[in-house]
Amino acid sequence: MIEVEGLRKEYGDLVAVDGVSFTAEAGAIYGLLGPNGAGKSTTIGCLSGLLEPTAGSVRVLGRDVVGEALAARESLGVVPQELALYEDLSASENLAYWGGAYRMRGGELRARVAQVLEEVGLADRAKEPVKRFSGGMKRRLNFACGVLHRPQVLLLDEPTVGIDPQSRVRLIELVREQAAGGTCVLYTTHYMEEAESLCDRLGIIDGGKLIAEGTLAELRGKVGERDLLRLAGVFDPERVRAALEGVEDLDVVQADAELVMLAVPGASKRLPSLFAVLTEAGADVRETTMTQPSLESLFIELTGKELRE
Ligand SMILES: Nc1ncnc2c1ncn2[C@@H]1O[C@H](COP(=O)(O)OP(=O)(O)O)[C@@H](O)[C@H]1O
Ligand SMILES: [Mg+2]
């Protein structure tokens, strides 16, 4: 349903998206997971036709988003990161506006507006101006605008940022319902837990590049059974590396003057012996954190940094 091939987008000297390729299927949720500035919104922008790619191709239902823009956009629903709502208009007026843009009219439009308002839990607030809505209500209305015309492909850009827990739960349910109904959903997020619980396939994006891609099981397989051990303190990086070189079944992910990160299976059992080696190398460990195999540890292993800034 979505085919992205070698997508590149430059803003002047800055390469925001750098050779991204993936495909997403009907009835499934494809996640793009990455920190702020990774290139998620730029990718969504290129898919929705809002931004023109510098290179590469983007197809939706087999149609080129640049070459066959109108045809491609017809089957697309977009829920942008920045709310696209008119504050002075009511919830149903906002929806009617979007419906009009998709050539929905009259009774059909009215019935569909009532239906989506019901689905997102805003039926009783339909006539109120949006400026009186909470952040979570606006997010739910933003979602309703994106699905109003029953798109076959739905692009969701960080739809749960800054909302109350109840709205979050409802939105996640709504996203699942869309996929269950056969829609192809592309979902961007910087929340690891959301990506893990929601997505069938995932691309991990950082610095404009997809650094890992696959099903959740495939990605977990890449981390293997190794825990990630993060040691803060005072270190001599060269001595630490030299001392750990001979230790079996261990990778040094990072070693600098204040932080050492190690990937080891069964880390908790090996702590005493590892501490002995480190102390021998003059290390002063002040804090230890252990992360079990997860997308979090995969991300840290691949990038040397944590997802959350
Ligand atoms: N209109 C723009 N002009 C210049 N740089 C931009 C523009 N939009 C985004 N960027 C830059 O492109 C990179 C990717 O941004 P973005 O796609 O918004 O990331 P994300 O959505 O993952 O947070 C960032 O470095 C950002 O500052
Ligand atoms: Mg963004």
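The rules behind these values
Residues numbered from 1 in each chain as written. Chains lettered and ligands numbered in written order. Predicted model: local features only at pLDDT ≥ 70, side-chain atom pairs only at ≥ 80, totals over all residues. Heavy atoms only, no water. Donors = N, O, S within 2.8 Å, 3.2 Å for Na, K, Ca; no water. Helix = DSSP H or I, 4+ residues; strand = E, 2+ residues; numbered from the N terminus. Buried < 20%, exposed > 50% of the residue type's maximum accessible area, 1.4 Å probe, protein only. Axes fitted to C-alpha atoms, helices over the stretch in contact; angles between N-to-C directions. Parallel < 35°, antiparallel > 145°, perpendicular 65-115°, else oblique. Left-handed = near helix turned anticlockwise from the far one by under 90°. Contact = heavy atoms within 4.5 Å. Domains from an automatic or database assignment. Pairing = 2+ DSSP bridges. Salt bridge = Lys/Arg side-chain N within 4 Å of Asp/Glu carboxyl O. Patch = residues over 30% accessible without salt bridge, like charges linked within 9 Å, V, L, I, M, F, W, Y side chains within 5 Å. Areas by Shrake-Rupley, 256 points an atom, 1.4 Å probe, with all protein chains shown as cover. Near = heavy atom within 4 Å. Polar contact = N/O pair within 3.5 Å; in protein donor to acceptor, adjacent residues only side chain to side chain.

Details of the coordination of the magnesium ion (ligand 2)
Bound to the magnesium ion (ligand 2) on the protein side are S41 (OG) and Q81 (OE1), at distances that span 2.1 to 2.2 Å. Here Q81 lies in the loop between β6 (76-79) and α3 (91-101) and S41 lies in helix α1 (residues 40-48), a separation of 40 residues in the sequence. For S41, a relative accessible area of 32% corresponds to the partly exposed category. A relative accessible area of 26% places Q81 in the partly exposed class.

Some words on the packing of α3 against helix α4 (residues 106-119)
Running from N to C, α3 and α4 cross one another at 125°; their axes reach a closest spacing of 10 Å. Comparing the axis directions of α3 and α4 gives the class oblique. The two elements α3 and α4 cross, and the hand of that crossing is right-handed. Residues A91, S92, L95, A96 and G99 of α3 form the contact with α4, whose participating residues are L109, V113, V116 and L117.

Concerning the domain arrangement of the protein
Domain boundaries in the protein define domain 1 (2-219) and domain 2 (225-292). For domain 1 and domain 2, the distance between their C-alpha centres works out to 41 Å.

Remarks on the sheet that holds β6
Spatially, β6-β7-β8-β3-β9-β10 is the arrangement adopted by the 6 strands of the open sheet, whose pairing is mixed. Unpaired on one side and paired on the other, β6 and β10 (209-215) mark the two borders of the sheet. Each neighbouring strand pair of the sheet contributes to a mean axis angle of 15°, computed without reference to strand direction. As judged from the 6 bridges shared by strand β9 (residues 201-206) and β10, these two strands associate in the antiparallel manner. Bridging across to β10, R201 finds its partner in T215. Together, β3 (29-33), β6, β7 (153-157), β8 (184-189) and β9 form the strand contacts of α1, whose direction differs from that of β7 by roughly 150°.

Here's the deal with the pairing of strand β4 (residues 55-60)
Across 5 bridges, strand β1 (residues 2-11) lies against β4 in antiparallel orientation. Each bridged residue has a counterpart across the sheet, and for R8 the counterpart in β4 is A55. In the sheet, β4 pairs with strand β5 (residues 63-64) via 2 bridges, with the strands oriented antiparallel. Looking at the pairing, V60 lines up with R63 of β5. Counting the residues that bridge the hairpin from β4 to β5 gives 2 residues, and of these L61 lies at a positive phi of roughly 50°.

Looking at the pattern of salt bridges
Applying the stated criterion across every chain, the model contains 16 salt bridges. Put simply, R8 and E10 hold a salt bridge, and the shortest N to O gap is 2.8 Å. On the basis of relative accessible area, E10 is assigned to the partly exposed category, the value being 29%. Linking D18 and R8 is a salt bridge whose minimum nitrogen-to-oxygen distance equals 3.0 Å.

As for a nonpolar patch on the surface
Taken together, the side chains of Y86, L89 and Y97 define a hydrophobic patch exposed on the protein surface, amounting to about 280 Å² of accessible area. Structurally, Y86 is set in the loop between β6 and α3.

Details of the site of ligand 1
Close contacts around ligand 1 come from Y11, L14, A16, P35, N36, G37, A38, G39, K40, S41 and T42, and that covers them all. In this structure, an oxygen atom belonging to ligand 1 sits 2.8 Å away from a main-chain N or O atom of K40. The fraction of the free accessible surface of ligand 1 (560 Å²) that becomes covered by protein chains is 59%. The set of elements that each furnish at least two residues to the shell around ligand 1 consists of β2 (14-24) and α1. For the shell around ligand 1, the element with the most residues is α1, which contributes 3 residues.

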